[in-house]
Amino acid sequence: MSKHNIRSWLTDMDGVLVHENKAIPGAVELIQHWRATDTPFLVLTNNSIYTPRDLSARLHNSGLSVPEERIWTSALATAAFLQDQTPEGKAFVIGEAGLTTAIHEAGFIMTDTDPDYVILGETRSYSFEAITKAIRLISAGARFIATNPDATGPSAEGALPATGAVAALITRATSREPYIVGKPNPMMFRSALNKLGVHSEGTGMIGDRMDTDIVAGIEAGLHTVLVLSGIADRAEIVRYPFRPKLVINSVADLLDHV
């Protein structure tokens, strides 16, 4: 991969740019380089809890200057998908501000009366009442959408049940599988490319997970870069039938390629 044929970048956030709210070595310099050279880029996350403004502030506290318009979440990707599918539709939404704001700004009406969709996202406190309502609406014909498939999320006390786990509960009760927009669905990357107005052939994807970032990047036709500063290690790579284009220790090693 030469610095000349990659003209735009997508990058995962946790494990690539930050770890436990601290910038990973090389991340500050990489973002500074992209901004100084007007390189199109987006920071991606499967987390649908936070708005881009929230995430921009979080990254700023880690020392990273990323404008909110350079952040692309599974909530935004879901909203873009639904806006394309059913303009000005109706949805029953389970989620936090990141998701409800995105769905509202996409022109959807949020209601529990005969919605077109039930949309499930991340939330810190799943309501049994809301889950019951979702099950009944899906059983009555509403289409089931989930922002991301992650079964658990991290917390200071340990793992928390996340979107994928609650989706499995709803699926068991309704016999309906959700359509999942976030990684590893390459749909999330394609919507990010559309937002940037760039082509997959000239875009790189930086991630720390083989089973989401890299496989989705390959399926979306991107130049994939695996960093070993997050989830994956070299031993894990051999378990998969596909390979990233480049494997580096952290984004600090990528500066020679951009």
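Please read all numbers here as calculations on a predicted model, not as lab measurements.

What counts and what doesn't
Residues numbered from 1 in each chain as written. Predicted model: local features only at pLDDT ≥ 70, side-chain atom pairs only at ≥ 80, totals over all residues. Heavy atoms only, no water. Helix = DSSP H or I, 4+ residues; strand = E, 2+ residues; numbered from the N terminus. Rg over C-alpha atoms; globule rule 2.2 N^0.38 Å. Buried < 20%, exposed > 50% of the residue type's maximum accessible area, 1.4 Å probe, protein only. Pairing = 2+ DSSP bridges. Contact = heavy atoms within 4.5 Å. Axes fitted to C-alpha atoms, helices over the stretch in contact; angles between N-to-C directions. Expected span 1.5 Å × (residues − 1). Parallel < 35°, antiparallel > 145°, perpendicular 65-115°, else oblique. Left-handed = near helix turned anticlockwise from the far one by under 90°. Nonpolar A, V, L, I, M, F, W, Y, C, P; charged D, E, K, R; others polar. Salt bridge = Lys/Arg side-chain N within 4 Å of Asp/Glu carboxyl O. Phe/Tyr/Trp six-rings, centres within 6.5 Å; stacked < 30°, edge-to-face > 60°. Lys NZ or Arg CZ within 6 Å of the ring centre and 35° of its normal.

Asker: Help me out: how do you make sense of the overall build of the protein chain in this one?
Answerer: In terms of regular secondary structure, the protein chain is built from nine helices and 15 strands. For 258 residues, the compact-globule estimate of 2.2 N^0.38 gives 18 Å, and the C-alpha radius of gyration of the protein chain, at 18 Å, lies within 12% of that figure. For the protein chain, the spread of C-alpha atoms along the principal axes amounts to about 55 × 35 × 35 Å. Counting across all 258 residues of the protein chain, residues that qualify as buried make up 52%.

Asker: Would you mind going over the sheet that holds strand β8 (residues 117-120) with me for this structure?
Answerer: Two pairing modes exist for strands in a sheet, parallel and antiparallel, and in both the strands are linked by backbone hydrogen bonds. Pairing is parallel across the open sheet formed by five strands, whose spatial order is β7-β6-β8-β9-β12. Each edge of the open sheet is held by one strand with a lone partner, namely β7 (109-110) and β12 (179-180). In this sheet, β7 lies alongside strand β6 (residues 90-94) in parallel orientation, the contact comprising two bridges. The partner of Ala 91 across the bridge, within β7, is Met 110. Running at roughly 170° to β6, helix α4 (residues 97-105) makes contact with β6, β7 and β8 of the sheet.

Asker: Just checking my understanding: could you explain the sheet that holds strand β1 (residues 8-12) for this structure?
Answerer: In spatial order, the strands read β5-β4-β1-β13-β14-β15; together these six strands make up an open sheet with parallel pairing. Every interior strand has two partners, whereas the edge strands, β5 (71-73) and β15 (246-248), have only one. Here the strands of the sheet are splayed against their neighbours by 20° on average, with no regard to which way each runs. Relative to strand β13 (residues 203-207), β1 is paired through four bridges, and the arrangement is parallel. Opposite Trp 9, over in β13, you have Gly 204 as the bridge partner. Helix α8 (residues 210-219) rests against β1, β13 and β14 (223-227) of the sheet, and its axis sits at about 165° to β14.

Asker: What exactly am I supposed to notice about the environment of Ser 125 here?
Answerer: Locating Ser 125 in the fold gives a position in the loop between β8 and α5 (128-139). Separated by 69 residues in the primary sequence, Ser 125 and Ser 56 place their C-alpha atoms 23 Å from one another.

Asker: Just to check I follow, could you spell out helix α3 (residues 74-85) for this structure?
Answerer: Because the α-helix completes a turn every 3.6 residues, residues three or four places apart line up on one side. In a regular helix each residue adds 1.5 Å, so 12 residues correspond to 16 Å; α3 covers 16 Å between its end C-alpha atoms and thus fits that length. Turning to α3, its buried residues are Ser 74, Ala 75, Leu 76, Ala 77, Thr 78, Ala 79, Phe 81 and Leu 82.

Asker: Can you help me understand unusual backbone geometry in this one?
Answerer: The phi torsion of most residues other than glycine is negative, and most of the peptide bonds are trans. At the junction of Lys 183 and Pro 184, the peptide bond is cis and its omega measures out at 10° in the coordinates. Mapped onto the elements of the fold, Pro 184 is located in the loop between β12 and α7 (187-196). Unusually for a residue other than glycine, Asp 114 sits at a positive phi of about 50°.

Asker: Quick question: what am I supposed to make of the packing of α3 against α4 here?
Answerer: When two helices pack together, their arrangement is given by the angle between the helix axes and by the axis-to-axis distance. Running from N to C, α3 and α4 point in directions that differ by 25°, and their axes come no closer than 8 Å. As summarised for this structure, α3 and α4 are arranged roughly parallel, according to the angle between their axes. Here α3 and α4 pass one another in a crossing that is right-handed. Here Ala 75, Leu 76, Ala 79 and Leu 82 of α3 come into contact with α4, specifically with Gly 98, Leu 99, Ala 102 and Ile 103. Partitioning the contact of α3 with α4 into residue classes produces seven nonpolar, one polar and no charged.

Asker: Any chance you could explain the pattern of salt bridges here in plain terms?
Answerer: Close approach of charged atoms allows side chains of opposite charge to pair. With the rule as written, the count across this model stands at eight salt bridges. Across the pair Arg 53 and Glu 68 runs a salt bridge whose closest N-O atoms are separated by 3.3 Å. Of this pair, Arg 53 sits in helix α2 (residues 52-61) while Glu 68 is found in the loop between α2 and β5, placing the two residues 15 residues apart along the sequence. When its relative accessible area of 59% is taken as the criterion, Arg 53 is described as exposed. Exposure remark for Glu 68: the relative accessible area of 35% places this residue in the partly exposed category. Glu 236 is the partner of Arg 239 in a salt bridge, and the nearest nitrogen-oxygen pair spans 3.8 Å. Judged by relative accessible area, which is 14%, Glu 236 ranks as buried. Connected through salt bridges with shared partners, the residues Asp 12, Lys 183 and Asp 213 form a single ionic network.

Asker: Would you take a moment to explain the packing of aromatic side chains for this structure?
Answerer: Under the counting rule described, the total for this entry stands at five aromatic pairs. With 5.1 Å between their ring centres and 35° between their planes, Trp 34 and Phe 41 make a pair best called tilted. With relative accessibility at 1%, the residue Trp 34 sits in the buried group. Between Phe 108 and Tyr 117, the aromatic rings sit 6.2 Å apart at their centres with planes inclined by 50°, giving tilted as the arrangement. For Phe 108, a relative accessible area of 5% gives the class buried. Among the aromatic residues, those joined into a ring-pair cluster are Trp 9, Trp 34 and Phe 41. Looking at Arg 70, its charged tip hangs above the ring of Phe 41, at a distance of 5.3 Å from the centre. The side chain of Arg 143 reaches across the aromatic face of Tyr 117, ending 4.5 Å from its centre.

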